[in-house]
Structure formats: structure tokens, C-alpha cells
Amino acid sequence: MRIVSLGLVALALAIGTACTDGELPSESELDRLRILAARATPAEVAPGELVQLESLTFRPGSGPVGVVWELCTSMECPSVERRSDPASLLDEGELDPQAGLIGLEPELPPMFAAPPGVLDALPASEQEEGTFVRFGLSAVAWPDGDTEEVEWATKDLPVSASSTPNTNPVLSTVRVGVEDAVSGDALLLAAREHELEVVGLDAMAESYTYRTTDGTVETREETIDVRWYSDLGSFDGSFWDPGPSGGSGSLIVVVRDGRGGTDWAVLQVEIE
Amino acid sequence: MDWSGPAWSLPPSRSSACSTRPFQTTLDPRAALRWQAWKGGTLKGGTGLHHQAPQDQVLAFLDEPSGFQRTWASEVGIEQDLWKQGSIDLTVFQRESTQRFVLHPNLEDPDTDPFFVAEGLGRARGLEVMLRKDPVGPLSGWVSYTLSRSERLDDPSDPDNPWILFDFDQTHILTATGQWRLPHDVILSGRYQYVTGNPKTAYVGAVADLDAASWTGVLSGDENGERFAPYSSLDLRASKLWTFRSWQLDTFIDLLGVVQGQNPTGEIQAYDFSEALLIEGLPLIPSIGFEATVRF
């Protein structure tokens, strides 16, 4: 006697698939204290050259924000790792220039002189590409806010012997729907979706030479990264719906060249 | 060799084991004893040494043949028949591991210091209970419960270094299955499982890289100090066997996940690690099928 079996799962219905429940906050939607960008001017320096630093922050309600800038050593940023707030660091006297304090915005605008010997440890062939210095930023709603809520960030400053150092991109005009604006403008916008555009984006991208580790010199082109932020409405790609009429807030755009160069524009908007 | 008698036995399959890798041989002595102490009741115990080679990702960083992780595993237990209808089995176990490969806790020079060192410790202890109902009569099934805790110590030289949970430590594992044979070759069966969620390390914040517009999460110092939600699921099955002169047709319907919890399989972090969404397991999955058996 032979036995033959034939089996079949005739129907298998998954009512759904593995899923998540709810939504995560969007990076573009501003709903809490944030450090959005930091800029060094110039964007790339030579040893001994002085650089001015500034940050772009957002705080709901437009209250003041205190930002401590400190120099990180060996990739360790003391206050970022300790997660201390600027007020306590200053009160306790832990931050001083000897300990790496670069500045406290807005009271003490951060400045920094690249150490003269920072490239000495590099072979001559690598000094043109150079190295970088890292800063740690700690922002807090200060002096009148909740100092428990601290925002931490890092910013790298390229230091090199390049004959053509990087420069910051220059963001001059942004287009919101059909309106052109520059940083600081106030716009009155309709309560509908608007297309967002950075005017002259292609012109911002620099060509530059890059020396690889084997000594080959390549010509490269920057790719400009554009990020939009607002405390109103929601984003869908390059489109922004500012929400219902009657709202007012900020529309912010930050451009980065991928080599440490940064610029931004901040617009005040009212929705009619 | 089988040392067995009316009351004692030493299972030969567990007397020893050998492991050989290039240039290395280990001897793993093991012993297990069973003693029928009274009618229907058996006491049992065992102990032994187990060696385990480093995992491949560790071997890739080892320049020369290394030792093996050593684990002493011991257990004692009791089994009792229950009126010819089933049995209950209780086992208490403990495992102590040494020479676990861990990341070098004091790595200073990557050019000379090894990335991994065989200095970690591990331990696991717990108990298992299994209650069986043999297929005598229409009902059968079993319930199994495990209570355990498994921990590791990566740097025993540092007195401040605490024991932390293994990534797959599960405090409670409960599994119950049952089957009910009805007339006319109809069978109803089900399974329920509950497992404590795996440990995880919470994020306490994040640091933004302002040049790359990206974020790096900052992990809590309390490694594996939190857990995912537990897994629980009830599956049901009904089957009917149709018998004909020369063939049989077994039809069934399965309902997987009739009752279940969130059953997370992971989580997705927000851009700034401020919150997370759970990736939940599969929902209710009904399926029907058949199996035909033909006799020639």
C-alpha cells in the first residue's frame, strides 16, 4: 500500500502587517527649544586665524536663549557629555577661557583663534586638507526659562593650510509661493499650501579641489543641503502648509555645503 | 558505558564531550544522575563544563588562537507522575561563565591593545516547571513556566562596574498548550505564550551635529535598565478529519494571535531620540488548509 499526502494552506489572510502606532515628531516642525545651525566666519581657517561663531536657535514664544560655546578636546565636549546647563556652569565657575569657554551667546559672542601649531602633527602632504576643531554647544531657555531643558550640539571648524579655503554659502533670497523675501522680512501669507524655494541654489555650490590620502587631487562640487523649519503647520517635501488663518510664527531655512559652510534666513510670517 | 540499575542511572550521552578547533582542544566533563526515590518520583541532577568558541565577530579581531568561554552548568530537579494521567517536573538551574570575550574595558592604543579580552563573567539562574497532561482521554496538554535571570559583568577588575542583564534576558516565560478531542474526529487546540520583553537601554537625549544636520542618541548609563513590552499571544486551531474508503482529508483553520499584546519587535526613534514608536508584531492571522492522504 502506498500512501501519498498532499497538503496545502489554502488561504492565509493577514488582517494587517507589522505596524507602528502613532507618529513621530518631524525635524522641520519647531515645538521646543532647538539649536538649528551654527556658523563660523570664515568657514575654514588657517592656523592662528581668528573666527567668529554664531548659532541659530529657536524657542517657542521667542524668549531669549543662552548658548554656551566650549572647545572640545579629543572629541570630548565637557558640558555636552555632562549635560549641564549653561547657568549652572557659569554659576559654578566651571567654564572659563582656560577650561575651554569660547563664548556665551548673546552676552559674550563666541570667538576663537585656531591654535598656531594645530597642523604641526600632520605630514606636509595632509596639511592642505588639514584637520578640524570641535565646539560643543549647550542651549537653554536662559535666563528666564526652564533650565532643565537643555539642547546639545557640536560644530566642527575646518583648519587647514589650503590656498582656497571653503567659504560660507550666501543665501540671499527665498521664495514662498510667489513671494520673494530676504532674511528678516515679514510675510503675509494665505492659509494654503506654498511651495518653498531657495533662489540661486545652484550658484551657492562651489567647486573645490580635494587631495585624497594617496595624493591624487580631485575636483569636486559641493552639494547644498536645504532644511526648512517652522513653528506653524506642516511640511511635505518642499511644500509647506502653514495652517489656519490667524497664525503667526517663523519660517526658517538653513543651507549647508557639506564642508562646514552654513547660512540661513529667518522670516516672520502671518497667516491671513 | 551505561551505569544503570533499578534506581540509579548515569546517562552515557552526557558523560563527556570534546571540542576541537585549530590548535585547541577542550575536554568537557559532564555527569547526570537520576534516582527513582519513590514510586513515580525521580530526583535528578547534573553538572558539567561547557566550552564555547568566540563568535566570528570576535575572532575577526583576534590575531592568535584564543581560549574558549567556560561555563559550569548545574541543575537539580524532581519529576513526579500524577496518577498515570501526566507528570510534573521541577528543575532549578545555575550557570556560571568565565573567560567571556568582551570589549577591552581599558583600550588605550588600538594599534597594540586587543579589541576583545576574555575577562568577562556571566551568570544565569532560575527554575523551570512543567506540568503535563498525557493524552489519556479527550484532554491533553502541558504548561511550562521558566523564571530566570541572566547577567554579565564585563570588567570584573572595576568594583564600580555593575552586573547588567544580558540582551536576551527574559524573566518569565509561560507557555500553555491544550488539545480537546471531540467526537467525529474533530480536534480543538490552542496555545498561549507570555514572555517578558527583552532589556533595552534608554536614550536620555541626543547631540545634534550641526554640520551634518544629524543627531546622535545619548544612551543612559543604566545599560539594559529598561525593557520592551512583553510578548503574549493566544493561538487557536480547529481541525476535522474526513475519512473515506481509500483516502482521508484533514481540514483545519488556524487563528494566530486571537488575543495578543503589543508584541514589539523593535522601535523607531524620532530624529532627536526624544521619543520612539514601537514596531508591533503581526496582527490576527487566520488561515485555512487541508491535507489529503491517499492509499493505493
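Here the structure is a predicted model, which means the values were calculated and not measured.

Conventions and cut-offs
Residues numbered from 1 in each chain as written. Chains lettered and ligands numbered in written order. Predicted model: local features only at pLDDT ≥ 70, side-chain atom pairs only at ≥ 80, totals over all residues. Heavy atoms only, no water. Core = buried A, V, L, I, M, F, W, Y, C linked by side-chain atoms within 4.5 Å. Buried < 20%, exposed > 50% of the residue type's maximum accessible area, 1.4 Å probe, protein only. Helix = DSSP H or I, 4+ residues; strand = E, 2+ residues; numbered from the N terminus. Contact = heavy atoms within 4.5 Å. Patch = residues over 30% accessible without salt bridge, like charges linked within 9 Å, V, L, I, M, F, W, Y side chains within 5 Å. Areas by Shrake-Rupley, 256 points an atom, 1.4 Å probe, with all protein chains shown as cover. Salt bridge = Lys/Arg side-chain N within 4 Å of Asp/Glu carboxyl O. Pairing = 2+ DSSP bridges. pLDDT = per-residue confidence, 0-100.

### Focus: the nonpolar core
Part 1 of the reasoning: Of all hydrophobic cores here, the largest spans 26 residues; its most connected members are L53(A), W69(A), F112(A), F135(A), L137(A) and L157(A).
Part 2 of the reasoning: Among the elements of the structure, β3 (34-41), β4 (50-58), β5 (66-71), β8 (131-140) and β9 (150-159) of chain A together with β14 (203-209) of chain B are those that each provide at least two residues to this core.
Part 3 of the reasoning: For this core, the element with the highest residue contribution is β8(A), accounting for four residues.
Part 4 of the reasoning: What F135(A) contacts, discounting residues up to four positions off in sequence, is L53(A), W69(A), E70(A), L71(A), C72(A), I102(A), F112(A), A153(A), T154(A), K155(A) and L157(A).
Part 5 of the reasoning: The next biggest cluster of nonpolar side chains, apart from the first, holds 22 residues, and it includes A205(A), F235(A), W240(A) and L267(A).

### Some remarks on a nonpolar patch on the surface
Residue and element names in this part refer to chain B.
Part 1 of the reasoning: There is a patch of nonpolar side chains on the surface, built from L236, V258, V259 and L284 and spanning about 280 Å² of accessible area.
Part 2 of the reasoning: Secondary-structure assignment places L284 in the loop between β20 (276-280) and β21 (285-295).
Part 3 of the reasoning: A relative accessible area of 33% places L284 in the partly exposed class.

### Quick look at the pairing of strand β7 (residues 86-103) of chain B
All names here are of chain B.
Part 1 of the reasoning: Taken together, the 13 bridges between strand β6 (residues 69-82) and β7 define a ladder with antiparallel strand orientation. Pairing of E79 across the sheet is with D89, part of β7.
Part 2 of the reasoning: Between β6 and β7, which pair antiparallel in sequence order, lie three residues; one of them, W83, sits at a positive phi of approximately 50°.

### Quick notes on the pairing of β14(B)
Part 1 of the reasoning: Both β9(A) and β14(B) contribute to a ladder of three bridges, which runs parallel. Each bridged residue has a counterpart across the sheet, and for A153(A) the counterpart in β14(B) is A208(B).
Part 2 of the reasoning: Sheet topology note: the β14(B)/strand β15 (residues 214-219) of chain B ladder contains six bridges and is antiparallel. Bridged to V207(B) within β15(B) is T216(B).
Part 3 of the reasoning: The antiparallel pairing of β14(B) with β15(B) creates a hairpin that spans four residues between the two strands, and A213(B) there sits at a positive phi of about 55°.

### Topic: the confidence of the model for chain B
All names here are of chain B.
Part 1 of the reasoning: Across chain B, the average pLDDT comes to 87, with 91% of residues at or above 70.
Part 2 of the reasoning: Long-range and interchain partners of residues 1-6, a stretch whose pLDDT sits below 50, account for eight contacts in this model, where long-range means more than four residues apart.
Part 3 of the reasoning: Under a pLDDT of 50 for its full length, residues 12-16 has, in the predicted model, 10 contacts with residues more than four places off or in other chains.
Part 4 of the reasoning: The ipTM assigned to the predicted complex is 0.87, against a pTM of 0.77.

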